[in-house]
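Summary of structural features
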Amino acid sequence: MGFFDLIKTSLASLNANRSRSVLTILGIVIGVAAIMLVMSLGAGAQNLILQQLQAIGSKTIAIIPGREPKGPTDFLSAFSDSLKESDLKQLKNPANVPHAARVIPMVFGSEVVSYKNDTYQTTIFGFTEHYAPLYDLYPREGQNFTADDVESSSSVIVIGSKVKEELFGNNEAVGEKLRIKGTTLRVVGVLPKKGGASFINFDNAILVPYTTAQNYIFGIKYFNRIIVETDEEINVPVTEIDIISTLRNAHNITDPDKDDFFLETQAGAMETVSAITSVMTLFVAAVAAISLLVGGVGIMNIMLVSVTERTREIGLRKAVGATDRDIMRQFLLEAMTLTTLGGALGIIISTLLGLIISVVLSKALNATWTYTFPVVAMIIGLFVAAGIGIIFGLYPARRAARLDPVEALRYE
Amino acid sequence: MLIELQDVKKTFDEGESATHALRGISLSINKGEFVAIMGASGSGKSTLLHILSFLSRPTSGRHFFDGKDVSNFSLMDLANLRNKSVGFVFQSFNLLARATVLENVELPMLYANIRPKERRQRALIVIERLGLGHRTKHLSNQLSGGEKQRVAIARALVNQPEVIFADEPTGNLDSSSGEQLMGVLEELHGEGKTIVLITHETYTAAFAERIIHIKDGLIEADTVVEERHSIKDHKFIK
Ligand SMILES: Nc1ncnc2c1ncn2[C@@H]1O[C@H](COP(=O)(O)OP(=O)(O)OP(=O)(O)O)[C@@H](O)[C@H]1O
Ligand SMILES: [Mg+2]
């Protein structure tokens with residue numbers, strides 16, 4: 001039997017049992033839709049995080065004190081005081097790190113800030129004045145603190161837009177005095193609303209000269225980070241090497257396993273994020289794939305019922321000349337058509353849901369959540385659906401093909 | 001000689017009890033013959049017809065068709081023979097219920113890989129010939145018994161087979177439709193088709209030239225019909 005006639009025959013018998021066909025493919029529809037949705041949401045989440053990583057800047061290297069966490073239980077190393085003022089000097093020395101355009105120390109911690117009778121929990125960031133060009137973040141009211149302020153541990157602060165709103169409402173903030181841990185600080189600037197486009201939520205932050213933060217707020221002598229900005233992006237790898245050897249020298253480290261610091265770059269972070277989201281996505285997709293298997297078993301069940309119901313038809317087809325192969329193909333194609341239709345329907349549903357979700361998430365996260373139509377996943381989805389039809393249709397189709405024509409014709 | 005059986009036996013094994021449906025049948029049928037097979041219920045008539053028409057294979061013995069030994073033909077070759085060389089008419093019609101008359105008649109040509117256009121032409125000619133031209137687009141379950149059986153004959157004829165096998169084709173028909181059907185078979189015989197027909201009724205059997213009587217899986221008698229019936233002296237139709 002020709003392929004075209006085969007398709008016509010299969011469609012005709014599926015059409016004759018329309019409501020059953022629809023119910024049968026439901027499992028496949030849900031399975032394919034779930035997998036596709038997970039894949040596209042995973043890609044969307046990854047995009048969003050990568051987008052935020054862009055904000056770190058591709059030219060910057062973060063030096064983090066402590067040992068690089070090697071596993072989930074390795075968290076203790078996060079508390080370390082290994083980065084000191086002397087390291088800053090070494091790193092700023094062009095003989096050590098020639099491509100460092102800026103070396104910016106950073107201390108941070110969560111504190112309660114009070115203004116008159118109001119208190120508010122924020123994150124305090126101690127920087128040099130260079131945070132502004134680094135993050136492309138300049139006060140929209142007042143001004144930034146200066147190099148002199150950093151030099152002399154001045155009690156001046158720049159506050160995020162949310163902090164301003166919470167403590168001052170619509171009133172003027174610049175010039176007002178806040179208290180943090182018993183220290184009085186004067187507001188010199190208010191940051192613009194930055195949104196969620198960076199890992200640091202500047203809207204809810206207070207920025208101070210790092211010296212002020214060390215001496216008056218946190219009472220520490222070390223840094224939580226040192227940010228090195230290179231002159232060119234291509235110099236990031238060589239600068240990483242320079243930083244490592246400079247710090248090993250300064251800390252008298254000969255065994256790399258004993259490093260008391262580690263580096264983080266945008267490229268490295270992106271790799272990590274991609275790896276994590278890909279694994280997560282695959283994992284969830286694998287769970288969703290189970291529903292495809294369940295759907296496949298449903299297909300097999302219905303096809304077996306169909307073979308039994310149509311025993312006489314099979315007998316007749318054989319009597320007028322259908323070979324075992326003809327019958328086998330007919331039933332396989334029926335199963336495949338069912339599952340492929342299910343797959344196509346699943347793709348349509350997941351696309352619609354994906355679009356709706358991306359609009360909702362964009363609003364909710366106040367960020368651009370891009371819906372990526374997973375073309376590859378779609379093609380794979382269709383093939384997988386067809387494959388499930390073949391796999392789970394095989395047994396019923398073989399049963400049909402092997403029916404003895406005389407027995408089949410006598411079947412009541 | 002078109003068909004020849006040599007000592008054909010057919011045994012159905014069902015666990016401990018085996019049924020010896022055919023216990024050594026030898027016969028030959030010439031091209032263009034009109035043969036009736038008669039016998040009591042359970043005597044093995046249908047079993048014999050199934051072997052003659054390639055629907056099943058003998059347990060032992062040899063089966064020749066058109067000079068070829070088909071006893072050891074593969075299932076595929078037998079399917080091909082069923083498709084091209086023989087046509088069937090069953091007592092219970094066996095039409096595809098949800099398909100139209102045209103689609104039913106086209107069915108054997110589907111498995112003969114005939115192009116859609118030719119398929120349609122050939123089907124329409126046969127349908128017209130059997131007086132069903134006005135029913136072409138009807139679903140087969142909307143037809144009367146007599147019409148259904150004529151669709152079955154159209155389907156049997158459409159691949160231009162050598163032999164038509166009919167297993168009690170008038171069994172589910174009223175006498176008028178039955179007689180009309182015998183008229184069709186007689187006409188086909190007149191055109192040179194070989195016809196093998198199973199029947200219970202002496203009256204129907206007398207349309208044939210020769211009657212083979214089966215009893216308990218053996219040929220009891222093989223007689224020439226002296227006084228043949230013809231549609232010309234039918235009783236029920238004017
Ligand atoms: N598939 C089978 N399995 C077991 N026994 C069978 C099978 N087919 C036929 N038989 C047996 O073989 C014998 C002959 O059956 P067959 O159908 O050929 O008889 P028949 O002459 O056509 O009878 P009827 O006039 O009632 O149609 C019977 O005893 C029947 O029960
Ligand atoms: Mg019988």
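Here the structure is a predicted model, which is why all the values come from computation and not from measurement. (Residues numbered from 1 in each chain as written. Chains lettered and ligands numbered in written order. Predicted model: local features only at pLDDT ≥ 70, side-chain atom pairs only at ≥ 80, totals over all residues. Heavy atoms only, no water.)

The next point concerns a nonpolar patch on the surface. A contiguous nonpolar surface patch, about 620 Å² in accessible area, is contributed by Leu345, Ile348, Ile349, Leu352, Leu353, Ile356 and Val360 of chain A. Mapping leucine 345 of chain A onto the fold places it in helix H11 (residues 324-365). (Patch = residues over 30% accessible without salt bridge, like charges linked within 9 Å, V, L, I, M, F, W, Y side chains within 5 Å. Areas by Shrake-Rupley, 256 points an atom, 1.4 Å probe, with all protein chains shown as cover. Salt bridge = Lys/Arg side-chain N within 4 Å of Asp/Glu carboxyl O. Helix = DSSP H or I, 4+ residues; strand = E, 2+ residues; numbered from the N terminus.)

Residues and elements named next belong to chain A. Where helix H9 (residues 266-309) contacts helix H12 (residues 375-401), the two axes come as close as 9 Å, and the packing angle between them is 30°. Considering their axes alone, H9 and H12 lie roughly parallel with respect to each other. Crossing angle aside, the handedness with which H9 passes H12 is right-handed. Each of Leu292, Leu293, Gly296, Val297, Met300, Met303, Leu304 and Val307 in H9 lies in contact with H12, whose residues at this interface are Val384, Ile388, Phe392, Tyr395, Pro396, Arg399 and Ala400. Residues of the contact of H9 with H12, tallied by class, amount to 13 nonpolar, one polar and one charged. (Axes fitted to C-alpha atoms, helices over the stretch in contact; angles between N-to-C directions. Parallel < 35°, antiparallel > 145°, perpendicular 65-115°, else oblique. Left-handed = near helix turned anticlockwise from the far one by under 90°. Contact = heavy atoms within 4.5 Å. Nonpolar A, V, L, I, M, F, W, Y, C, P; charged D, E, K, R; others polar.)

For the rest of this paragraph, the subject is the pattern of salt bridges. Residues and elements named next belong to chain A. Scanning the model with the defined rule gives 20 salt bridges over all chains in all. We note a salt bridge from glutamate 111 to lysine 181, for which the minimum N-O separation is 3.8 Å. One end of the pair, glutamate 111, is in strand S2 (residues 100-115); the other, lysine 181, is in the loop between strand S6 (177-180) and strand S7 (183-190), with 70 residues separating them in the sequence. Look at glutamate 111 and you get buried, because its relative accessible area is 14%. Lysine 181 gets classed as exposed once you look at its relative accessible area, which sits at 54%. Here glutamate 334 ties to arginine 310 by a salt bridge, and the two come within 2.9 Å at their closest N and O atoms. Here glutamate 334, found in helix H11, pairs with arginine 310, found in the loop between H9 and helix H10 (311-319); they are 24 residues apart in sequence, far enough to count as distant. Grouping residues by exposure puts glutamate 334 and arginine 310 together as buried. One connected set of salt bridges, linked through shared partners, spans Arg310, Glu313, Arg317 and Glu334. (Buried < 20%, exposed > 50% of the residue type's maximum accessible area, 1.4 Å probe, protein only.)

Our next topic: the domain arrangement of chain A. Split into domains, chain A comes out as domain 1 (3-53 + 277-410) and domain 2 (81-259). Placing a centre on the C-alpha atoms of domain 1 of chain A and another on those of domain 2 of chain A gives a separation of 55 Å. (Domains from an automatic or database assignment.)

Residue and element names in this part refer to chain B. Taking strand neighbours across the sheet as the criterion, the four strands line up as S2-S1-S4-S5 in an open arrangement whose pairing is antiparallel. Of all strands in the sheet, those with a lone pairing partner are strand S2 (17-29) and strand S5 (68-69), marking the two edges. Against the sheet, helix H1 (residues 45-52) engages strand S1 (3-14), S2 and strand S4 (60-65), with an angle of about 120° to S1. (Pairing = 2+ DSSP bridges.)

Near ligand 1 you find 16 residues, and of these Glu407 of chain A together with Ser41, Lys45, Ser46 and Thr47 of chain B are the closest. Two or more chains meet at ligand 1, and those chains are chains A and B. The side chain of serine 41 of chain B places a nitrogen or oxygen atom 2.5 Å from an oxygen atom of ligand 1. Here ligand 1 has 640 Å² of accessible area as a free molecule, and 75% of this is covered by the chains. Breaking the shell around ligand 1 down by element, the ones donating at least two residues are helix H13 (405-410) of chain A together with S1, S2 and H1 of chain B. (Near = heavy atom within 4 Å. Polar contact = N/O pair within 3.5 Å; in protein donor to acceptor, adjacent residues only side chain to side chain.)

Okay, the interface of chain A and chain B next. Across the boundary between the two partners, chain A contributes 22 residues, which contact 21 residues of chain B. Here chain A meets chain B over a buried area of about 2,000 Å², counting both sides, of which 62% is carbon and sulfur. The largest per-residue losses of area from chain A upon contact with chain B belong to Met1, Leu316 and Val320 of chain A, which jointly make up 27% of the total buried on that side. Where chain A touches chain B, the interface holds one salt bridge. Across the salt bridge formed by aspartate 5 of chain A and arginine 119 of chain B, the nearest N and O atoms sit 2.8 Å from each other. At the level of secondary structure, the elements contributing two or more residues to the side of chain A that touches chain B comprise helix H1 (3-16), H10, H11 and H13 of chain A. With six residues, the top contributor of residues to the side of chain A that touches chain B is H10 of chain A. Among the residues forming the side of chain A that touches chain B, the class breakdown is nine nonpolar, five polar and eight charged. (Buried area = accessible area lost by both parts, 1.4 Å probe.)

On to the pairing of strand S3 (residues 118-127) of chain A. Residue and element names in this part refer to chain A. With nine bridges joining them, S2 and S3 adopt antiparallel strand pairing. Its bridge partner being in S3, serine 110 is matched across the sheet by threonine 123. A loop of two residues connects S2 with S3, the two strands running antiparallel in sequence, and lysine 116 in this loop sits at a positive phi of about 50°. Judged from the five bridges that link them, S3 and strand S8 (residues 205-209) form a sheet pairing that is parallel. If you follow phenylalanine 125 over to S8, its bridge partner there is leucine 207.

Turning our eyes to something else, we now look at the sheet that holds strand S6 (residues 86-89) of chain B. Residues and elements named next belong to chain B. The strand order across the open sheet formed by six strands is S6-S7-S8-S3-S9-S10, and the pairing between neighbours is mixed. Strands with a single pairing partner mark the edges of an open sheet, and in this sheet they are S6 and strand S10 (218-224). In this sheet, adjacent strand axes meet at a mean angle of 20° when their direction is disregarded. Bridging between strand S3 (residues 34-39) and strand S9 (residues 210-215) involves five bridges; their strand directions are parallel. From the neighbouring strand, glycine 39 faces S9, where its bridge partner is isoleucine 214.

Attention now moves to the pairing of S8 of chain A. Looking along a regular strand, one sees side chains alternate from face to face of the sheet. Residues and elements named next belong to chain A. The buried fraction of S8 is high, at five of five residues. Pairing analysis gives two bridges linking strand S5 (residues 156-159) to S8, with the strands arranged antiparallel. Across the sheet, residue valine 158 finds its bridge partner in S8, namely leucine 207.

The next subject is the side chain of threonine 170 of chain B. Of note, threonine 170 of chain B is situated in the loop between strand S7 (163-167) and helix H6 (175-190). In this structure, threonine 170 of chain B is in contact with Gly178, Leu181, Met182, Glu201 and Thr204 of chain B, ignoring residues within four places of it in sequence.

Let us look at helix H2 (residues 18-54) of chain A. Between its terminal C-alpha atoms H2 of chain A stretches 52 Å, which fits the 54 Å expected from 37 residues at 1.5 Å a residue. The axis of H2 of chain A is deflected most strongly, by about 40°, at isoleucine 25 of chain A. (Expected span 1.5 Å × (residues − 1). Bend = angle between axes of the 7 residues up to and from the residue.)

This part covers unusual backbone geometry. Residue and element names in this part refer to chain B. The phi dihedral of aspartate 7 is positive, around 50°, even though this residue is not glycine. Inspection of the secondary structure assignment puts aspartate 7 in strand S1. Given a relative accessible area of 40%, aspartate 7 falls into the partly exposed group. For asparagine 94, which is not a glycine, the phi torsion comes out positive at approximately 55°. Looking at where asparagine 94 falls in the secondary structure, it is placed in the loop between S6 and helix H3 (101-110). We classify asparagine 94 as buried; its relative accessible area is 9%.

In this section: the nonpolar core. Within the largest apolar cluster, 73 residues are counted, with the highest numbers of intra-cluster contacts made by Leu48 and Phe165 of chain B. Broken down by element, the residue count for this core peaks at eight residues, all from H11 of chain A. Once you skip the residues sitting within four places of it in the chain, phenylalanine 165 of chain B turns out to touch Ile3, Leu49, Leu52, Ser53, Val86, Gly87, Phe88, Val89 and Val196 of chain B. Counting 59 residues, the second-largest nonpolar core is a separate cluster that includes Phe125, Val158, Ala213 and Ile227 of chain A. (Core = buried A, V, L, I, M, F, W, Y, C linked by side-chain atoms within 4.5 Å.)

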